[in-house]
Amino acid sequence: MPSFEDLGLSGPVLRAIARTGYTEPTPIQAQAIPEALQGRDIVGASQTGTGKTAAFGLPIICQMQPSTRVQCLVLEPTRELAAQVEDQMNVFSYYKPLNVVLLHGGVGYGHQIEALEGKPDVIIATPGRLLDHLEKGNLDLSEVKFLVLDEVDRMLDMGFLPDVKRIIDQCPSGRQTQFFSATMPGAIQTLANWALKDPIAVEIGERRSPAETVSHAFYPVGMDQRDELIVALVEKTGFESMMIFTRTKKEADSLLARLQDIEGTRPTALHSDIKQSDRTKALQGFRDGTFNIIVATDIAARGLDISGVTHVINYRVPENPEDYVHRIGRTGRAQQEGDAFTILTADELENARSVEHFIEQKIERRKLEGFDYNYTALLEDNPTPLRKKRPPAPKRRKR
Ligand code: AMP
């Protein structure tokens with residue numbers, strides 16, 4: 001693996017990296033940074049937790065020149081991700097101070113307008129609020145030299161495609177564009193073809209595989225005992241920090257209420273009906289250990305950098321197997337060990353098979369010792385013989 005110096009990064013950025021304690025580049029950084037420093041457009045596919053933010057942030061900071069106009073725009077799907085990228089950009093620009101402004105919905109306009117009047121160099125934004133500001137004439141993107149579209153598949157899932165296109169249209173064509181998406185379905189490929197010029201593709205590892213340090217298990221149970229089992233699992237599992245994913249906000253709220261009764265747990269919740277200030281508090285509290293469990297809908301599943309999550313529990317098997325990989329991407333990050341448990345009920349067998357096919361790995365069925373199970377055929381040994389494994393998808397050429 002090359003060193004950060006070998007990648008061509010300059011003094012102030014190297015000094016900032018030294019402060020972070022990173023000793024060597026991650027694979028995506030080693031691949032993307034030299035190309036980005038040459039001014040190439042990048043299209044990247046990478047698992048969460050691979051150091052993507054530094055992969056795009058470091059070369060941009062290196063290339064930025066003093067200016068009084070917005071030079072860099074980073075679009076993120078969620079407020080939490082945008083805030084996380086803002087923090088990282090401030091860390092990376094420690095010795096080359098930049099005015100980084102965060103724009104997202106759910107908070108008032110006053111502070112954002114004031115911040116925009118302070119001549120930002122870098123804007124980190126979610127698409128909706130950015131467009132509001134553009135429409136009100138609060139900022140101008142005509143001098144943007146660096147555009148980053150992060151978690152593009154997520155932005156599209158959230159219906160941001162028209163907004164994203166309108167924003168890109170306001171950026172000059174001579175910009176450098178970096179585009180990151182965990183998956184590349186047709187609509188995203190079309191957007192990439194339109195937004196990027198002769199991009200270099202970087203892809204790290206198998207796009208489908210979750211972190212190798214995670215151990216997986218399904219916990220089969222009758223539907224009537226799903227809540228009881230999850231409570232027992234939480235009680236019996238020695239965890240330091242746990243994320244529990246539910247399908248709906250209602251499930252998250254009712255599970256939170258149940259967990260509050262367990263001794264030793266300090267749970268909180270994160271979903272889109274919770275007001276922004278409370279979402280920030282929940283996330284901050286989970287990061288600093290005030291809370292040791294966060295119950296979340298998918299809004300929190302992607303890209304959030306929360307270190308030290310020891311356990312991820314899926315309250316239900318995700319309907320979309322990609323979501324499984326993203327959710328369990330919260331644990332086993334940065335080479336730490338992690339456990340991912342998924343409660344499995346009879347109506348979810350098809351989804352369970354899809355997950356196993358998607359990650360090309362059979363997931364162990366486990367019973368929780370000492371739990372008083374009602375009978376379900378699911379508890380028989382190997383009740384779901386796997387269909388013959390599909391041949392693996394052709395690998396994209398690694399650079
Ligand atoms: P990201 O994929 O950008 O969300 O980064 C995931 C985590 O990896 C963050 O906590 C980063 O601070 C950390 N990270 C990024 N690059 C490196 C590196 N080269 N060495 C160690 N940790 C890193």
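## Looking at helix H4 (residues 79-92)
In a regular helix each residue adds 1.5 Å, so 14 residues correspond to 20 Å; H4 covers 20 Å between its end C-alpha atoms and thus fits that length. Taken together, the buried positions of H4 are Glu80, Leu81, Ala82, Gln84, Val85, Glu86, Gln88, Met89 and Phe92.

## Some remarks on helix H3 (residues 52-63)
Taking 1.5 Å per residue, 12 residues should reach 16 Å; H3 reaches 18 Å between its end C-alpha atoms and fits that length. Burial runs high along H3: 11 of the 12 residues are buried. Those residues of H3 that fall on the buried side of the exposure criterion are Lys52, Thr53, Ala54, Ala55, Phe56, Gly57, Leu58, Pro59, Ile60, Ile61 and Cys62.

## Description of the packing of helix H8 (residues 161-169) against helix H9 (residues 186-195)
Running from N to C, H8 and H9 point in directions that differ by 5°, and their axes come no closer than 12 Å. By the angle between their directions, the pair H8 and H9 is classed as roughly parallel. Each of Leu161, Val164, Lys165, Ile168 and Asp169 in H8 lies in contact with H9, whose residues at this interface are Leu191, Trp194 and Ala195. The residue inventory of the contact of H8 with H9, partitioned by class, reads six nonpolar, no polar and two charged.

## Some words on the sheet that holds strand S2 (residues 72-75)
Pairing in this open sheet of seven strands is parallel, and the strands run S3-S4-S2-S5-S6-S1-S7 from one edge to the other. Two strands lie at the open edges of the sheet, namely strand S3 (100-103) and strand S7 (200-203), each paired on one side alone. Taken pair by pair, the neighbouring strands of this sheet meet at an average axis angle of 15°, ignoring direction. Relative to strand S6 (residues 176-180), strand S1 (residues 42-45) is paired through three bridges, and the arrangement is parallel.

## Some remarks on the sheet that holds strand S11 (residues 293-296)
Strand order in this open sheet of seven strands is S10-S11-S9-S12-S13-S8-S14, and the pairing throughout is parallel. Each of the sheet's edge strands pairs with one partner strand only, and the pair in question is strand S10 (267-270) and strand S14 (364-365). Note that strand S12 (residues 311-314) and strand S13 (residues 338-344) share four bridges and pair parallel. When the bridges of S13 are listed, Asn314 appears paired with Thr342. Together, strand S8 (214-220), S13 and S14 form the strand contacts of helix H14 (residues 349-359), whose direction differs from that of S8 by roughly 165°.

## Some points on the side chain of His216
Assignment of secondary structure puts His216 in strand S8. A distance of 2.8 Å separates a polar atom in the side chain of His216 from a polar atom in the side chain of Tyr324.

## Describing the pattern of salt bridges
According to the stated counting rule, one finds 18 salt bridges in the structure shown. Of the charged contacts in the structure, one is a salt bridge between Glu348 and Arg226, with a shortest N-O distance of 3.6 Å. Taken together, the residues Glu348 in the loop between S13 and H14 and Arg226 in helix H10 (residues 226-236) connect sequence positions 122 residues apart. Exposure class is identical for Glu348 and Arg226. Each is buried. The partner of Arg247 in a salt bridge is Glu348, with the nearest N and O atoms 3.6 Å apart. With Arg247 in the loop between strand S9 (242-245) and helix H11 (249-259) and Glu348 in the loop between S13 and H14, this residue pair connects regions lying 101 residues apart in the sequence. On the basis of relative accessible area, Glu348 is assigned to the buried category, the value being 1%. One network of salt bridges, with partners in common, ties together Arg226, Arg247, Glu319 and Glu348.

## Re the nonpolar core
Formed by 35 residues in total, the largest nonpolar core has its most connected members in Leu9, Leu58, Val122 and Ile124. Looking at this core, the elements with two or more residues in it are helix H1 (11-20), helix H2 (27-37), H3, S2, H4, strand S4 (122-125), strand S5 (146-149) and S7. Ranked by the residues each element gives to this core, the list is headed by H3, at seven residues. Not counting the four nearest positions on each side in its chain, Leu9 is found in contact with Phe4, Leu14, Ile17, Ile33, Leu37, Leu58, Pro59 and Cys62.

## Examining the packing of aromatic side chains
Inspection of the entire model under this criterion finds five aromatic pairs. Measuring from ring centre to ring centre gives 5.7 Å for Phe56 and Phe180, while their planes differ by 40°; the resulting arrangement is tilted. Residue Phe56 is found in helix H3, and its partner Phe180 is found in strand S6; the two are separated by 124 residues along the sequence. For the pair formed by Phe56 and Phe180, the shared burial category is buried. Ring centres 5.0 Å apart and planes at 85° place the aromatic pair Tyr94 and Tyr95 in the edge-to-face group. Sitting over the face of the ring of Tyr315, Arg226 holds its NZ or CZ atom 5.4 Å from the ring centroid.

## Focus: unusual backbone geometry
For Glu151, which is not glycine, the phi dihedral falls at a positive 50°. With respect to the helices and strands, the residue Glu151 is situated in the loop between S5 and helix H7 (152-157). Taking the relative accessible area as the measure of exposure, Glu151 reaches 6% and is therefore buried. Of note, Glu360 is a non-glycine position whose phi angle comes to about 55°, a positive value. The topology assignment puts Glu360 in the loop between H14 and S14. What makes Glu360 partly exposed here is its relative accessible area of 28%.

Conventions adopted
Residues numbered from 1 in each chain as written. Predicted model: local features only at pLDDT ≥ 70, side-chain atom pairs only at ≥ 80, totals over all residues. Heavy atoms only, no water. Helix = DSSP H or I, 4+ residues; strand = E, 2+ residues; numbered from the N terminus. Expected span 1.5 Å × (residues − 1). Buried < 20%, exposed > 50% of the residue type's maximum accessible area, 1.4 Å probe, protein only. Axes fitted to C-alpha atoms, helices over the stretch in contact; angles between N-to-C directions. Parallel < 35°, antiparallel > 145°, perpendicular 65-115°, else oblique. Contact = heavy atoms within 4.5 Å. Nonpolar A, V, L, I, M, F, W, Y, C, P; charged D, E, K, R; others polar. Pairing = 2+ DSSP bridges. Polar contact = N/O pair within 3.5 Å; in protein donor to acceptor, adjacent residues only side chain to side chain. Salt bridge = Lys/Arg side-chain N within 4 Å of Asp/Glu carboxyl O. Core = buried A, V, L, I, M, F, W, Y, C linked by side-chain atoms within 4.5 Å. Phe/Tyr/Trp six-rings, centres within 6.5 Å; stacked < 30°, edge-to-face > 60°. Lys NZ or Arg CZ within 6 Å of the ring centre and 35° of its normal.

So, to be careful, I would describe these as geometric facts and stop short of saying anything about function.
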